[in-house]
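Each chain is listed here by its residues.
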Amino acid sequence: MAAPVRLGVIGCGSMARAHLRNAAAHPAVQLQAYADVREAAAQEFLHTFGGRYATTDPARLLRDEGIDALLIATHHDSHAALAIAAAQAGKHVLIEKPLAMAVEDCRRVEEAVERAGIVLVVGFKLRFAPLVQEARRLIERPVLTAGQMVDNRWADTHWAQDPVKGGGNVLSQGCHTFDLVCYLHRGTPVEVYAAGGTFTHDPATTSVIDTVAATLRFADGTAAAIIQSDAGLPAFVSKFFFELFDGRLAVQLTDRLHRMTVSGPALAQPRELRAEEVAPGQDPEGLAQELGEFVHCVQTGAPPVIGATARDGMRATAIALAIFDSVRTGRPQPLPAG
């Protein structure tokens, strides 16, 4: 029987709490310690989920030989440094998205992971949604993919709207969209062209681009269309909306990936599927399955099958930054090879 995974947590906010609800219920996870700049937040997690200690010093968790893996769920600008330090300390890492806010920082994380030989999974949970997996089964080679994530307006005071700490919606949440479009399309993105700007916030007070429409071109000439904004939550399709087409079938994912519609010339009539019916007991949005695969990888040393690697995280960040450059210049932008 594999040894349990002794997990520490750096960053005790809402995403960490969501992960820990799953971790507390996982038979192979032992929660050990919590670090946060707000001591009260770390102490509250210790009281709620159990463990050995709470601290404001993440270095204490890095030094702790009783911790095998770390969940990093801090502000985005701290991700790279913490992930590199964790790898150097020999700790496996489940890190919330985006991996980092600069491509070079993502590359440094990838290099540290490779040198240390640890497992790192970036928190692109939507890959694990049962209907995303079903969509990939139904359409193996899309000729066209579309992804949309539109939220209600983010508050100007929200930390993730800050250009330094979070980068705004197009980076902070859009990295989900960019990753999932690439994951569904199964192609190598080579170029992106985007239009957009600062429309839902005051451009006199922020440099953050908040609304974009983009075309992603893949190496084989196929394309994906992307919309990302905080211009208002769409009731009809929900915050998440993805489509795939291959000439035989058309697949739409709506209702926060809880519902799928399949149609096209290969079917006599359209079909509708619900995540709860396709995969009873699984998390329709994938968070629990993401943790489960991470634990399996830590226990066995196997690479993730569904989960996003540091290279995947770098690609999502590169797309976001290239979209910003395209909006500002009005020209298509190349994407890094690999």
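These remarks concern the structure in this document. All residue numbers refer to positions counted from 1 along the written sequence of the respective chain. The predicted origin of the model limits local features to residues at a pLDDT of at least 70 and limits the giving and counting of side-chain atom pairs to 80 or more, whereas totals for whole chains, interfaces and linings rest on all residues. To obtain the side-chain values, all non-hydrogen atoms of the structure were included, while hydrogens and water were left out.

1. Here's the deal with the overall build of the protein
And step 1. Per the convention used, a helix needs a DSSP run of H or I reaching at least four residues, while a strand needs a run of E reaching at least two, with both numbered from the N terminus. Looking only at helices and strands, one finds 11 helices and 15 strands in the protein.
And step 2. For 338 residues, the compact-globule estimate of 2.2 N^0.38 gives 20 Å, and the protein sits close to it at 20 Å.
And step 3. Once the C-alpha set of the protein is aligned to its principal axes, its extents read approximately 55 × 50 × 35 Å.
And step 4. Any residue under 20% of the maximum accessible area for its type is buried, any over 50% is exposed, and the rest in between are partly exposed; the area is computed with a 1.4 Å probe on protein chains only. Expressed as a percentage of the 338 residues in the protein, the buried residues total 57%.
And step 5. Across the protein, contacts joining residues at least 24 apart in sequence account for 66% of those joining residues at least 6 apart.
And step 6. Roughly 14,200 Å² of accessible area belongs to the protein as shown, and the carbon and sulfur atoms make up 53% of that amount.
And step 7. Distance from the positive charge centre (31 side chains) to the negative charge centre (37 side chains) of the protein: 2 Å. Only C-alpha atoms enter the radius of gyration; for comparison, a globular chain is expected to reach 2.2 Å times N to the power 0.38, where N is the number of residues. Working rule for contacts: check all heavy atoms of both residues, and any pair within 4.5 Å makes them a contact. Surface accessibility in these figures is a Shrake-Rupley result with a 1.4 Å probe; residues are shielded only by whichever protein chains are displayed. Positive charges come from Lys and Arg, negative ones from Asp and Glu, while His and the chain ends are left out of the count. Where a charge sits is defined by one atom per residue type, namely NZ (Lys), CZ (Arg), CG (Asp) or CD (Glu).

2. Description of helix α10 (residues 287-300)
And step 1. By this rule, a helix spans an expected 1.5 Å times one less than how many residues it contains. The terminal C-alpha atoms of α10 lie 20 Å apart, and with 14 residues this matches the ideal 20 Å at 1.5 Å per residue to within 8%.
And step 2. By the burial criterion, the buried members of α10 are Leu 287, Gln 289, Glu 290, Leu 291, Glu 293, Phe 294, Val 295, Cys 297 and Val 298.
And step 3. Immediately beyond the C-terminal end of α10, within one or two residues, lies Gly 301, with a positive phi of roughly 80°.

3. Details of the side chain of Thr 211
And step 1. Turning to its location among the elements, Thr 211 is positioned in strand β9 (residues 211-218).
And step 2. One polar contact links Thr 211 to Ser 229, side chain to side chain, over a distance of 2.8 Å.
And step 3. Not counting residues within four places of it along the chain, the set of residues in contact with Thr 211 comprises Val 170, Ala 195, Gly 196, Gly 197, Phe 199, Thr 200, Gln 228 and Ser 229. The term polar contact refers here to a pair of N or O atoms within 3.5 Å; inside protein, the definition further demands a hydrogen-donor-capable atom paired with an acceptor-capable atom, and it admits residues adjacent in sequence only when both atoms are side-chain atoms.

4. As for the pairing of strand β8 (residues 189-197)
And step 1. Bridge count between β8 and β9: 8 bridges; the pairing is antiparallel. Each bridged residue has a counterpart across the sheet, and for Val 192 the counterpart in β9 is Leu 216.
And step 2. One bridge is not enough; two strands pair if DSSP finds at least two bridges between them. Sheet analysis places β8 next to strand β15 (residues 333-334), joined by 2 bridges and oriented antiparallel. Opposite Val 192, over in β15, you have Gln 333 as the bridge partner.

5. Focus: the nonpolar core
And step 1. Within the largest apolar cluster, 46 residues are counted, with the highest numbers of intra-cluster contacts made by Leu 216, Met 260 and Ile 323.
And step 2. Once residues within four sequence positions are removed from consideration, Leu 216 is found in contact with Val 181, Cys 182, Pro 189, Glu 191, Val 192, Thr 222, Ala 223, Ala 224, Ile 226, Ile 319 and Leu 335.
And step 3. Tyr 53, Leu 61, Ala 80 and Ile 118 belong to the second largest nonpolar core, which has 34 residues in total. Definition of nonpolar core: a set of buried residues of the types Ala, Val, Leu, Ile, Met, Phe, Trp, Tyr and Cys, connected through side-chain atoms within 4.5 Å.

6. Quick notes on the packing of helix α6 (residues 130-138) against helix α8 (residues 174-185)
And step 1. Contact geometry of α6 with α8 gives a least axis separation of 9 Å together with a crossing angle of 35°. Touching Val 132, Gln 133, Ala 135 and Arg 136 of α6 are Leu 180, Tyr 183 and Leu 184, all from α8.
And step 2. Residues are sorted three ways: Asp, Glu, Lys and Arg are charged, Ala, Val, Leu, Ile, Met, Phe, Trp, Tyr, Cys and Pro are nonpolar, and all the rest, Gly among them, are polar. Classifying every residue of the contact of α6 with α8 by side-chain character gives 5 nonpolar, 1 polar and 1 charged. Under this scheme, a helix contributes an axis fitted over its contacting stretch, all axes are lines through C-alpha atoms, and angles between N-to-C directions fall in the 0 to 180 degree range.

7. Structural notes on the packing of aromatic side chains
And step 1. Any pair of Phe, Tyr and Trp rings, taking the six-membered ring for Trp, is counted once the centres come within 6.5 Å. Such a pair is stacked with planes under 30 degrees apart, edge-to-face with planes over 60 apart, and tilted for the rest. A full pass over the atoms with the stated rule returns 2 aromatic pairs.
And step 2. With a centroid separation of 6.2 Å and 75° between ring planes, the pair formed by Tyr 34 and Phe 45 is classed as edge-to-face. Residue Tyr 34 is found in strand β2 (residues 29-35), and its partner Phe 45 is found in helix α2 (residues 39-49); the two are separated by 11 residues along the sequence. For the pair Tyr 34 and Phe 45, a shared accessibility class is recorded, and that class is buried.
And step 3. Taken together, a centroid distance of 5.5 Å and an interplanar angle of 70° make the contact between Phe 45 and Phe 49 edge-to-face. Of the two residues, Phe 45 and Phe 49 are both situated in helix α2; the distance of 4 residues between them amounts to about one turn of the helix.
And step 4. Taken together, the ring pairs connect Tyr 34, Phe 45 and Phe 49 into an aromatic cluster.
And step 5. Here, a charge over a ring is recorded when the distance from Lys NZ or Arg CZ to the ring centre is within 6 Å and its angle to the ring normal is within 35 degrees. The ring centre of Tyr 53 lies 3.7 Å from the NZ or CZ of Arg 60, which sits over that ring.
And step 6. The aromatic ring of Tyr 183 is capped on one face by Arg 136, whose charged end is 3.9 Å from the ring centroid.

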